[in-house]
2 protein chains.
Amino acid sequence: MFQTFDPPSSTGATAPRIAKLRDLMAKAKLDALIIPRSDEYNNEYVPACAERLSYITGFTGSAGLAVVAAKSAALFVDGRYAVQAPAEVDGGIFEVKGMAHADLKPWLIAHVKEGRIGFDPRTMSVGAFLQYRALLPKADFKLVPTRANLVDRVWGRDRPAPPEGPVLIHPLSLAGQASIDKLAAVQKQIRNLRFDAAVLTAPDNICWLFNIRGCDVAHNPVVLAYAIVPVTGKAQLFLGARRVTGEVKAWLAPVTKLKPPETFEPALKELRDAGKAVQVGFGTSWWCEKALGKSKRTVAGPDPCGEAKAIKNSTEIEGARAAHRRDGVAVTRFLAWLDGAVDTGTVDEITAVEKLEAFRRETGALKEISFPTISGSGPNGAIVHYRVTRATTRRLKRGELFLIDSGGQYEDGTTDITRTIAIGAPSAEMRRRFTLVLKGMISLSRARFPAGTRGVDLDPLARRALWAEGLNYDHGTGHGVGSYLNVHEGPQSISKAGIAELKPGMICSNEPGYYKNGAYGIRIENLVLITEPRDVGGDLPVMGFETLTLAPIDRRLIAVEMLDAEELAWADAYHARVRAELSADVSPGERRWLEAATSKLL
Amino acid sequence: MFQTFDPPSSTGATAPRIAKLRDLMAKAKLDALIIPRSDEYNNEYVPACAERLSYITGFTGSAGLAVVAAKSAALFVDGRYAVQAPAEVDGGIFEVKGMAHADLKPWLIAHVKEGRIGFDPRTMSVGAFLQYRALLPKADFKLVPTRANLVDRVWGRDRPAPPEGPVLIHPLSLAGQASIDKLAAVQKQIRNLRFDAAVLTAPDNICWLFNIRGCDVAHNPVVLAYAIVPVTGKAQLFLGARRVTGEVKAWLAPVTKLKPPETFEPALKELRDAGKAVQVGFGTSWWCEKALGKSKRTVAGPDPCGEAKAIKNSTEIEGARAAHRRDGVAVTRFLAWLDGAVDTGTVDEITAVEKLEAFRRETGALKEISFPTISGSGPNGAIVHYRVTRATTRRLKRGELFLIDSGGQYEDGTTDITRTIAIGAPSAEMRRRFTLVLKGMISLSRARFPAGTRGVDLDPLARRALWAEGLNYDHGTGHGVGSYLNVHEGPQSISKAGIAELKPGMICSNEPGYYKNGAYGIRIENLVLITEPRDVGGDLPVMGFETLTLAPIDRRLIAVEMLDAEELAWADAYHARVRAELSADVSPGERRWLEAATSKLL
């Protein structure tokens, strides 16, 4: 299994850790300490040694921020973790608050008043630092970089070692573009912006650029490393020599020199001393910017690889289609099995996860799952990023909904799909709200839009029907998805914060939801590919979405009378396509189930 | 008439002005000079003495930015002026480019490479300065404040004197809240943010706070003045003594001390020397921030009056409803007259403007028009911010569309309405595209949304139907509207840039459009009031829009078969309400016209 079901370490363990941390803070004359979830690479997925937020707070979610003061402490999380976070942390120590940045200032004013706010310069990104700096009046709060990471000092010898997994080749047959050509395109961008070099610290951007993959963090095949790309000539990749075989060395040789990791800081200082203009991404560690010195020509901006990585080439697009067809077969077989098995009364959240992974393994192509499967029945479904454990698992019961959000890492593509299933007969409210979510999902699927449209400009299409009935969901509608890379990638995002322009070739999720706390959760998620602009008889060519994900949407939850003719046509066409593309690869019994599950709604 | 029809001064006049300006630039060792449209108050509406952009470029639009270099020059304008700007400027001197900020950097890199970029520190806002600073690499471009405004030096004695109109009382019966209570609320905000004082430079915010009005700029009844609001005690209003009668002095006395304008700069320096923390708005002149010195506690942010002004109180809301009913009568009488008069073949764009103003004057309550009426027939309708002159006016011809965008300033409210009228029989394309615009307008009118929703989150609802057919419009969907104040006010904006939260009591326009260059323009505009949140049976109370504007939408342009049942119901209900509210106040002949114009669509 790519996933464990162990309960998280008891929250009781955090009290002595916080006490030790406060001692260290007092010695460093800090009035508060900021502890972000991010690691030295600002990657969403961090290795065990960088699970500092979880170590110090007990909170195991994928995003968050703690602030520890001498007598008070707060954990800031987004809406996805509003239910989970209070359950995981020691309420005697941590107050749980919403949305990190907006709420930080009033909390600090109320609890710290003024003083020195410490942070680890390596785990703070340039972008985050700029936000804190803009937020906090300089006269009241002094942001102080700490010499070492204070949480690591509390952790001491129990802290796991940093990963040093082998580097793997991502061949041209999958990558679709040679690293040397990617490097040339990135260097052209660096030159156009009049920089002398760019510093790369985002693991997925580095993997994309050099056509490599790794196994340093769970589920997402990245290598944790840093790189420097000069405006001409080979790049430098800072990576332990023992991680690289001769074959990999030869693969990298045309585009990059391999350097020992400990030479990264001297290399930055060399750029500084030579007065070079260095492009630093908003996601780059603030420590790098500091090491580059006060060069007037160092400017923080988007990473030069981000958009190029997000725009998939034709090989990657073909790979994504194949991966989704394969994954759709596994998910469809799972759904067919589930429909038969729930009546036995033996299916619980964990057996469902195990069975789904088994179907994916039977494809013979599964390298990993994209993330720990979210498998929530009844009230557990309302926990947006629920992680099932042996302590929380529930049996799937009649009259409840079951939400399962999962994905597979295949060498030709990364998948991510959510389906919500009626166990027994759903209530009228469940059907109505499911259909509102579906209407939003269809509205986004059918959208057409001109060049220049950003994710934020499409997000409301997925919410309008829910808003009209006083409902909403407290998470974004869509995230970018990598090509055998991170299942969450930027710069594109269909959300309130989605300011990057959507461009043809990008892959996004389309996943509106609805969560009734303590009762049930609904989410319907397909991945979609942004299509090339085409002439539809107007003034401007318009882009749209090609749906990649292939699996039935539970017909029993659709209140057909709430769909208009166009929505109905979309749903029927989608189901017809699912049937046509998957039928040949399932058993006769599964095919019968698939035919019923994808039959016309009216 | 509140409007003239004189053609703008010939563009030929700009060449010698530019030559003189370049001489002054050379003496000041500037490689380029930034000339914004904004004046010392960063108000959208500037007095004649501050029409510097128009003086130096010939461009008369309400927003734009020129950059003059030694051998090249560019004018940056937004999509509303894409047609007008090239027609107004000397193409031998000025290259016209889109969207100021995004395009400025590549233009400077291409034409100036590096050097000293001058700007007048008084006409540059803090927000604009921060944008330029972030955009331009410091090593390449040095932003240099000029001692005097160089355009003014070219202008010399021909430059009109700054306005010094009388200050007028805006009584409590119209304002709905005493100035002393507004001041207390603003001071509470200043205290909560831990400032010692705020500097106000936005004329409409100052007028709102002190319950005064003025006549310093055309159409918008503001006083051009500065103010300082300390955290406790009376404010200081910097204003020439001869502008204030004894009565006005007594009106202001409880809330503010009157100070001579020339003491504003010393007052800022006093704050600086006392080490005060001063709140400076993004819209404040950069020169003020500079005068306040390097105080660590001076932070740029939203103006403390902006949101409070935008959220209308119940008196202002009742006033707005009354003003819109009154204005609706005038517009409806105009539309009825137009329908009868076009057949005579004598109506041109100017006579239409004159007639509409006459109907508004007949209400007996018109203080001013809200802005020069945009009266565009045929291809002139495609010029988004078209200003009709004797040189451009066209007769209204059969088979063409006529777009008229106008508004009235009444003491109880400001109106702004656009209707597009079919002259003779419209083409199928005109009807189709008009109906797509209408669908967007209805979609926004019917929207419900939870607390926290921003304008950017609603803007796409107005565009979706147009996008689906490869069409769009290059302007925002809605701007805030003042209460007998600026017809464009912030912070709310329904547009790509609308990041302010929409709150109950705000008034916005809802004005999608479509423009076919050289052929016709379509815009349908109603003002809407954001309603209090109400329970609709879901988890969250939701806000919506109450339409304020009352006038028929041309039925001859509606392709009824393109509307769904809900859109049809909205249109019929709107027309029924227009008829019910206006019928009593029009003549029998006009009533017959109104009844036909508002009859059911099906």
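Residues numbered from 1 in each chain as written. Chains lettered and ligands numbered in written order. Predicted model: local features only at pLDDT ≥ 70, side-chain atom pairs only at ≥ 80, totals over all residues. Heavy atoms only, no water.

**Student:** Got a minute to help me understand the overall build of chain A in this structure?
**Tutor:** Across its full length, chain A carries 19 helices and 27 strands. Rg of the C-alpha trace for chain A: 24 Å, near the compact-globule value of 25 Å for 602 residues, within the 12% margin. Taken over 602 residues, chain A has a buried fraction of 59%. Within chain A, counting contacts between residues at least 6 apart in sequence, those at least 24 apart form 71% of the total. Here chain A carries 77 positive and 69 negative side-chain charges, and the mean point of each set is 5 Å from the other. (Helix = DSSP H or I, 4+ residues; strand = E, 2+ residues; numbered from the N terminus. Rg over C-alpha atoms; globule rule 2.2 N^0.38 Å. Buried < 20%, exposed > 50% of the residue type's maximum accessible area, 1.4 Å probe, protein only. Contact = heavy atoms within 4.5 Å. Lys, Arg positive; Asp, Glu negative; His and termini not counted. Charge placed at Lys NZ, Arg CZ, Asp CG, Glu CD.)

**Student:** Explain the relation of the copies chain A and chain B to me, please; I cannot follow it from the model alone.
**Tutor:** Note: a rotation about an axis with an accompanying shift along it relates these two copies of the chain. Mapping chain A onto chain B calls for a rotation angle of 180 degrees and an axial translation of 0.0 Å; the resulting RMSD is 0.0 Å. The operation mapping one copy onto its partner corresponds to a two-fold rotation axis. Taken together, the interface assignments show that 100% of the residues at the interface of chain A recur at the interface of chain B, consistent with an identical surface on both copies. (Least-squares fit on C-alpha atoms with pLDDT ≥ 70 in both.)

**Student:** Looking at this structure, I do not really get the sheet that holds strand 19 (residues 413-414) of chain A. What am I missing?
**Tutor:** Sheet strands pair via backbone hydrogen bonds, and the direction of the pair is either parallel or antiparallel. All names here are of chain A. Read from one edge to the other, the open sheet built from 3 strands follows the order 15-18-19, with strand pairing classed as antiparallel. The open sheet has two edge strands, strand 15 (366-369) and strand 19, and neither has a second partner. As defined by bridge partners, strand 15 adjoins strand 18 (residues 408-410) across 3 bridges and the pair is classed as antiparallel. Across the sheet, the residue bridging to Ile369 is Gly408, located in strand 18. Along the sheet, helix 14 (residues 314-341) contacts strand 18 and strand 19; its crossing angle with strand 18, the most-contacted strand, is approximately 135 degrees. (Pairing = 2+ DSSP bridges. Axes fitted to C-alpha atoms, helices over the stretch in contact; angles between N-to-C directions.)

**Student:** Quick question: what am I supposed to make of the packing of aromatic side chains here?
**Tutor:** The relative placement of two aromatic rings is captured by the distance of their centres and the angle of their planes. All names here are of chain A. If you walk through the whole model with that rule in mind, you get 28 aromatic pairs over all chains. Where Tyr226 meets Phe264, the ring centres are 4.5 Å apart and the plane angle is 15 degrees; that geometry is what we call stacked. Residue Tyr226 is found in strand 10 (residues 226-230), and its partner Phe264 is found in helix 11 (residues 264-273); the two are separated by 38 residues along the sequence. Relative accessible area serves as the criterion here: at 11%, Tyr226 is assigned to the buried category. Put simply, the rings of Tyr41, Tyr226, Phe238, Phe264 and Trp287 touch in pairs and so form one group of aromatic residues. (Phe/Tyr/Trp six-rings, centres within 6.5 Å; stacked < 30°, edge-to-face > 60°.)

**Student:** I'm lost on the pairing of strand 20 (residues 417-423) of chain A in this one. Help?
**Tutor:** Successive side chains on a regular strand alternate, one facing one side of the sheet and the next facing the other. Residue and element names in this part refer to chain A. Burial within strand 20 is extensive, with 7 of its 7 residues counted as buried. Relative to strand 20, strand 17 (residues 400-406) runs antiparallel, the two being bridged by 7 bridges. Opposite Leu403, over in strand 20, you have Thr420 as the bridge partner.

**Student:** Mind showing me how you'd approach the interface of chain A and chain B here?
**Tutor:** Interfaces are often sized by the amount of accessible area the parts lose when they come together. Taken together, the contact pairs 40 residues of chain A with 40 residues of chain B. Both sides of the chain A and chain B interface together cover about 3500 Å² of buried area, and 53% of this is carbon and sulfur. In terms of surface lost to chain B, no three residues of chain A exceed Arg194, Arg464 and Trp467 of chain A, which account for 19% of the buried area on that side. If you look at where chain A meets chain B, you find 6 salt bridges. We note a salt bridge from Arg194 of chain A to Asp140 of chain B, for which the minimum N-O separation is 3.7 Å. Joining chain A to chain B, the criterion identifies 20 residue pairs in polar contact (both at pLDDT 80 or more). Among the secondary structure elements, those contributing two or more residues to the side of chain A that touches chain B are helix 4 (100-111), helix 16 (428-446), helix 17 (464-468) and strand 24 (513-516) of chain A. Ranked by the residues each element gives to the side of chain A that touches chain B, the list is headed by helix 17 of chain A, at 3 residues. Counted by class, the side of chain A that touches chain B contains 18 nonpolar, 7 polar and 15 charged residues. (Buried area = accessible area lost by both parts, 1.4 Å probe. Salt bridge = Lys/Arg side-chain N within 4 Å of Asp/Glu carboxyl O. Polar contact = N/O pair within 3.5 Å; in protein donor to acceptor, adjacent residues only side chain to side chain. Nonpolar A, V, L, I, M, F, W, Y, C, P; charged D, E, K, R; others polar.)

**Student:** Can you walk me through the packing of helix 18 (residues 565-582) of chain A against helix 19 (residues 588-597) of chain A in this structure?
**Tutor:** To characterise two packed helices, one gives the angle between the axes of the helices and the distance between these axes. All names here are of chain A. Running from N to C, helix 18 and helix 19 point in directions that differ by 165 degrees, and their axes come no closer than 9 Å. In terms of orientation, helix 18 and helix 19 fall into the roughly antiparallel class. As helix 18 runs across helix 19, the sense of the crossing is left-handed. Residue-level inspection shows His575, Val578, Arg579 and Leu582 of helix 18 in contact with helix 19, the latter providing Leu594, Glu595 and Ala597. The residue makeup of the contact of helix 18 with helix 19, split by class, is 4 nonpolar, 1 polar and 2 charged. (Parallel < 35°, antiparallel > 145°, perpendicular 65-115°, else oblique. Left-handed = near helix turned anticlockwise from the far one by under 90°.)

**Student:** Is there a simple way to think about the side chain of Asp120 of chain B in this case?
**Tutor:** Residues and elements named next belong to chain B. Looking at the secondary structure, you find Asp120 in the loop between strand 5 (115-119) and helix 5 (126-135). We note that Asp120 is buried and unpaired, the nearest opposite charge coming from Arg52 at a distance of 5.2 Å. A distance of 3.0 Å separates the side chain of Asp120 from the backbone nitrogen of Arg122, its partner in a polar contact. Once residues lying within four places of it in the same chain are set aside, the contact partners of Asp120 are Thr146 and Asn149.

**Student:** Sorry if this is basic, but what is going on with the pairing of strand 5 (residues 115-119) of chain A here?
**Tutor:** Residue and element names in this part refer to chain A. Taken across its 5 residues, strand 5 has 4 buried, putting it largely inside the fold. Where strand 1 (residues 32-36) and strand 5 come together, 2 bridges link them in parallel fashion. Directly across from Leu33, in strand 5, lies its bridge partner Gly118. Sheet topology places strand 5 next to strand 6 (residues 141-145); 5 bridges connect them, and they run parallel. Bridge pairing links Arg116 to Lys142 in strand 6. Handedness of the crossover joining strand 5 and strand 6 through helix 5 (residues 126-135): right-handed. (Right-handed = clockwise from strand over helix to strand, strands pointing away.)

**Student:** Honestly, the nonpolar core in this entry has me stumped. Any pointers?
**Tutor:** A general feature of soluble globular proteins is that nonpolar side chains tend to end up buried together. By size, the foremost hydrophobic cluster in this structure holds 282 residues, and its most contacted members are Phe210 of chain A together with Phe210 of chain B. When near neighbours in sequence (up to four residues on either side) are disregarded, Phe210 of chain A contacts Ser179, Ala227, Ala235, Leu237, Trp251, Leu252, Val255 and Thr256 of chain A. (Core = buried A, V, L, I, M, F, W, Y, C linked by side-chain atoms within 4.5 Å.)

**Student:** Teacher, can you tell me more about a positive patch on the surface here?
**Tutor:** A cluster of like positive charges, contributed by Lys29, Arg116, Arg133, Lys138, Lys142 and Lys290 of chain B, occupies part of the molecular surface. Here Arg116 of chain B shows up in strand 5. (Patch = residues over 30% accessible without salt bridge, like charges linked within 9 Å, V, L, I, M, F, W, Y side chains within 5 Å. Areas by Shrake-Rupley, 256 points an atom, 1.4 Å probe, with all protein chains shown as cover.)

**Student:** Can you help me understand the state of the cysteines in this one?
**Tutor:** The term disulfide refers to a covalent linkage connecting the sulfur atoms of a pair of cysteines. Residue and element names in this part refer to chain B. Enumeration according to the criterion identifies 0 disulfides over all chains in this entry. Cysteine Cys215 is unpaired, with the sulfur of Cys207 as its nearest cysteine sulfur at 10 Å. Cysteine Cys508 shares no disulfide, and the gap to the nearest cysteine sulfur, in Cys305, comes to 19 Å. (Disulfide = S-S within 2.5 Å.)

**Student:** Is there a simple way to think about the pattern of salt bridges in this case?
**Tutor:** Opposite charge on two side chains permits pairing when their charged atoms draw close. Residue and element names in this part refer to chain A. Tallied over the entire structure, the rule returns 78 salt bridges over all chains. Put simply, Asp152 and Arg159 hold a salt bridge, and the shortest N to O gap is 3.4 Å. Linked through salt bridges whose partners overlap, the residues forming this network are Glu40, Arg52, Asp152 and Arg159.

**Student:** Just checking my understanding: could you explain the sheet that holds strand 15 (residues 366-369) of chain B for this structure?
**Tutor:** Residues and elements named next belong to chain B. Within the open sheet, the 3 strands sit side by side as 15-18-19. Their pairing is antiparallel. Two strands in the sheet have a free side with no partner beyond their single neighbour: strand 15 and strand 19 (413-414). Here 2 bridges tie strand 18 (residues 408-410) to strand 19, and the two strands are oriented antiparallel to one another. Within strand 19, the residue paired with Gln409 across the bridge is Thr414. Where helix 14 (residues 314-341) meets the sheet, its contacts fall on strand 18 and strand 19, and the angle it forms with strand 18 comes to roughly 135 degrees. Where helix 15 (residues 349-361) meets the sheet, it contacts strand 15 and strand 18, and its direction lies at approximately 155 degrees from that of strand 15.

**Student:** Explanation requested: unusual backbone geometry in the structure shown.
**Tutor:** The general pattern is negative phi for most residues beyond glycine and trans for most peptide bonds. In this structure, the amide linkage connecting Gly490 of chain A to the following residue, Pro491 of chain A, adopts the cis form with an omega of 5 degrees. Unusually for a residue other than glycine, His219 of chain A sits at a positive phi of about 75 degrees. Phi at Tyr484 of chain B is positive, roughly 45 degrees, even though this residue is not glycine.

**Student:** Help me understand the environment of Gly98 of chain B, please; the structure alone is not making it clear to me.
**Tutor:** Residues and elements named next belong to chain B. Residue placement: Gly98 occurs in strand 4 (residues 95-98). On the accessibility criterion, Gly98 (33% relative accessible area) is partly exposed. Residues Gly98 and Lys257 lie 159 residues apart in sequence; the distance between their C-alpha atoms is 44 Å.

**Student:** Please clarify how helix 16 (residues 428-446) of chain B should be interpreted in this entry.
**Tutor:** Given 3.6 residues to a turn, an α-helix orients residues that are three or four positions apart in the same direction. Look at helix 16 of chain B: 26 Å from first C-alpha to last across 19 residues, which is about the 27 Å you get at 1.5 Å a residue. Of all 19 residues in helix 16 of chain B, 14 are buried; the element is thus mostly enclosed. (Expected span 1.5 Å × (residues − 1).)

**Student:** I'm lost on the packing of helix 14 of chain A against helix 15 (residues 349-361) of chain A in this one. Help?
**Tutor:** Residues and elements named next belong to chain A. In the contact formed by helix 14 and helix 15, the axes pass within 8 Å of each other and the chain directions differ by 140 degrees. The pairing of helix 14 with helix 15 is recorded here as oblique in orientation. Relative to helix 15, the crossing made by helix 14 is right-handed. Counting all contacts with helix 14, which are made through Asp327, Ala330, Val331, Arg333, Phe334 and Trp337, the residues of helix 15 involved are Ala352, Lys355, Leu356, Phe359 and Arg360. Looking at the contact of helix 14 with helix 15 residue by residue, the classes come out as 7 nonpolar, no polar and 4 charged.

Honestly, that's just the spatial picture; any functional story needs more than this.
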